[in-house]
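Observations on chain architecture
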Amino acid sequence: MPRDVLSYDVLVIGSGLAGLRAALQAEIASNGKARVAVISKLQVMRSHSVAAEGGTSAVLRPEEGDSIELYMWDTIKGGDFLSDQDAVERYCRLMTSEVLFLDHLGLPWERRPDGRIDQRPFGGQSFPRACYAGDKIGFFEMHTLYDNLLRFDNVDFFEEHFVTSLLIRDKTFYGVTAIDMKTGDLRVFLGKAGIIATGGAGQIYKFTTNARTLTGDGYAIAYRAGIPLEDMEFVQFHPTGLVPSGVLITEAARGEGAILLNNKGERFMARYAPNMMELAPRDIVSRAMMTEILEGRGFKDEESGMEYILEDMRHIGRDRILRKLNNIRELALRYNKIDIIEQPIPVRPAQHFMMGGVRADIDGKVLYADGTWVKGLWGAGEAANVGVHGANRLGSNGTGVCLVWGRLTGEQAAKYALEHQNDSISVPEDQVEKEEKRIYDGLLHGRGGGENHYKIREELRETMDKYVGIFRDEKGLTIALKKIKELKERFKEIYIEDKSLAYNTDLIMAMETQNMLDVAEVIATGALARKESRGAHYRTDYPKRDDQNFLKHTLAVMGPDGSPQLEYVPVKIVYWLPVERKY
Ligand SMILES: Cc1cc2nc3c(=O)[nH]c(=O)nc-3n(C[C@H](O)[C@H](O)[C@H](O)COP(=O)(O)OP(=O)(O)OC[C@H]3O[C@@H](n4cnc5c(N)ncnc54)[C@H](O)[C@@H]3O)c2cc1C
């Protein structure tokens, strides 16, 4: 079958913050010589990064008491000592110049009266260091990068292209296969270098702040190519998802002074984190809220049956709310018909972020389990685990890691690609044919046994919410794993009703669900094996952190039977030994 083959120097997979920052740096570092393709299953500005609300942290004010060391300490302690401390150092040092870089590109940061960039408090950060633009930071960061990228002739955007596999031979990256969603055709992209920037997987949970499109494709595609996923059991639950929709109420609200109340009118955080109160790290606040709810001190939404806590912002005052929290005011008005200026809103913890990801080193190079590099392949953003977030990410560090590793990987990928410009690469026919068969013969035209893949997705999400959430134990995780394996079996029997090729969302969603199943299995398997509590991973049957046995990263590699096999690698401890976390 004749097919479309496109060749580039650098393939950036994903057009979120990480992908756009990488593409821009590839252009800058190569003086416009590298030909870059940005491939995205969405239109660029529909990537989830656009939804980031609260801010991006950096050290800007050493003269007022902030320092790189303090930022590193906050991040490492916040991550419950599972962070690679060398990666944290690089991150904290490079963030200052990232904020200034965006400033020079034109990002409208909120400013102080003296004209300098303003910073607001965020959870677990012991200095106000989140730079912001109202409560729409992601929108402004994405627009700034996208606007600037449009100046380059050498960057091509392939929107609505669904990447289905990585092409790798002799441990070297060659390209990807992708369905052009407009026509339904499979296209082959050849590239000297590739960057995985496909974001997270929040949709495997039902109550999530994440966009419908975050289905863990990048994780699953890498995992199926023999690349390990690292620390996937660490799933972040953001304390304040609006009930019942799950829409995010930014932590910046608490940064500006919002308080959390139980049904007795108590600011219960005083019992859990007496110093930092509502601005303790997310894992701690989320557990506190769930404890209040489970012990009967929550409220109940009669319509959805969901229990919740109240978040009160009235005392922040109309003027400040309109200037600094206008977006969440609009969201609460639209979704709950509540004006936060006048009334508290119902919130409860919602899945928000994946600390884990495709295994990558401090440079963002994607590594196999034995530590060798998948030549020519990098990872950035929420898709990759470069070691910064550890067991719990601090708010306002997510966007930052996209920027820093976007920059680092874009630069390396462009240089590498130009050095290898004369290497000839040809289409690995066998792999492409296998992929064609899998998608068109297997999924699209397969006879199937009549299983409904939408139902499989829903059952998966319910299972993850119920058994692989904030509180976990052996019994629940075992039930979850059994259910996921059953769903994987049932998936083999799915039937795709829509047989057309143009914009076949039935097919695309089925492929996403398949990816979600693999990612969920890795999470539950890692969680079951980690018999301790650390950061966002809390085992009620092992409530203590166990540094003796578990101060190590989990690697999950797909075994011959298609299920994960676990290995462990040490954490890079360079500066601080673990101590008890108190806030
Ligand atoms: C509501 C919300 C608010 C947040 N607020 C903040 C905040 O204030 N501060 C902060 O630091 N962090 C925040 N975060 C976290 C942070 O925004 C994200 O972690 C970060 O933006 C992720 O960016 P990314 O580039 O890795 O991925 P994304 O922006 O999610 O982009 C993923 C890209 O990959 C593409 N893609 C995925 N699969 C495929 C495929 N199969 N084929 C082709 N393309 C594919 C998509 O089309 C998309 O372009 C927030 C997150 C959410 C959900």
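Residues numbered from 1 in each chain as written. Predicted model: local features only at pLDDT ≥ 70, side-chain atom pairs only at ≥ 80, totals over all residues. Heavy atoms only, no water.

**Regarding the overall build of the chain**
Which entries qualify depends on this criterion: Comment: elements are numbered from the N terminus, with helices defined as DSSP H or I runs of at least four residues and strands as E runs of at least two. Partly exposed residues are those whose accessible area sits between 20% and 50% of the maximum for their type, while under 20% is buried and over 50% is exposed, using a 1.4 Å probe and protein chains only. Contact definition: two residues touch when any of their heavy atoms are within 4.5 Å. Residues scored as charged are limited to Lys and Arg (positive) and Asp and Glu (negative), so that His and the chain ends carry no count. Each charge is placed at NZ for Lys, CZ for Arg, CG for Asp and CD for Glu.
Check the secondary structure of the chain and you find 16 helices and 23 strands. Overall, the chain is about 70 × 55 × 50 Å in size when its C-alpha atoms are taken along their principal axes. Of all 583 residues assigned to the chain, the portion counted as buried reaches 62%. Partitioning the contacts of the chain with sequence separation of at least 6, the portion at a separation of at least 24 is 75%. Separation between the mean location of the 75 positive side-chain charges and that of the 85 negative ones in the chain comes to 2 Å.

**Some thoughts on the sheet that holds strand β5 (residues 130-131)**
Stated precisely, the cut-off is as follows: Pairing between strands requires that DSSP locate at least two bridges from one strand to the other.
The strand order across the open sheet built from 3 strands is β3-β5-β4, with neighbouring strands paired in antiparallel fashion. Lying at the two open borders of the sheet, with one neighbouring strand each, are β3 (56-57) and β4 (119-120). Inspection of the sheet shows β3 paired to β5 by 2 bridges, in the antiparallel sense. Along β5, the bridge assignment pairs T56 with C131.

**Thoughts on the pairing of strand β18 (residues 373-379)**
Where a strand is regular, its side chains alternate between the two sheet faces. Counting buried residues along β18, 5 of its 7 residues qualify, which places the element largely inside the surrounding structure. Here strand β9 (residues 185-196) pairs with β18 via 3 bridges, running parallel. Bridge pairing links I195 to W378 in β18. Pairing of strand β17 (residues 365-367) with β18, which is carried by 2 bridges, proceeds in the antiparallel orientation. Its bridge partner being in β18, L367 is matched across the sheet by W373. The antiparallel hairpin formed by β17 and β18 contains 5 residues in its connecting segment, where G371 sits at a positive phi of about 90°.

**Re the site of the ligand**
Quick note on the threshold: What makes a residue near a molecule or strand is one non-hydrogen atom of that residue sitting within 4 Å of it. Here a polar contact is taken to be a pair of N or O atoms separated by no more than 3.5 Å, where protein atoms must pair a possible hydrogen donor with a possible acceptor and residues adjacent in sequence count only if both atoms sit in side chains. In short, Shrake-Rupley with a 1.4 Å probe defines the accessible areas, and a residue's cover is counted only from the protein chains shown.
The environment of the ligand is made up of 39 residues, and the closest members are S47, H48, S49, E382 and T399. At a separation of 2.8 Å, an oxygen atom of the ligand approaches a polar side-chain atom of S40. Separating a nitrogen atom of the ligand from a backbone N or O atom of K41 is a distance of 2.9 Å. Taking 1,000 Å² as the accessible area of the ligand by itself, protein coverage stands at 98%. Within the residue set of the shell around the ligand, elements represented by two or more residues are α1 (17-29), β7 (161-169), β15 (345-354) and α11 (398-419).

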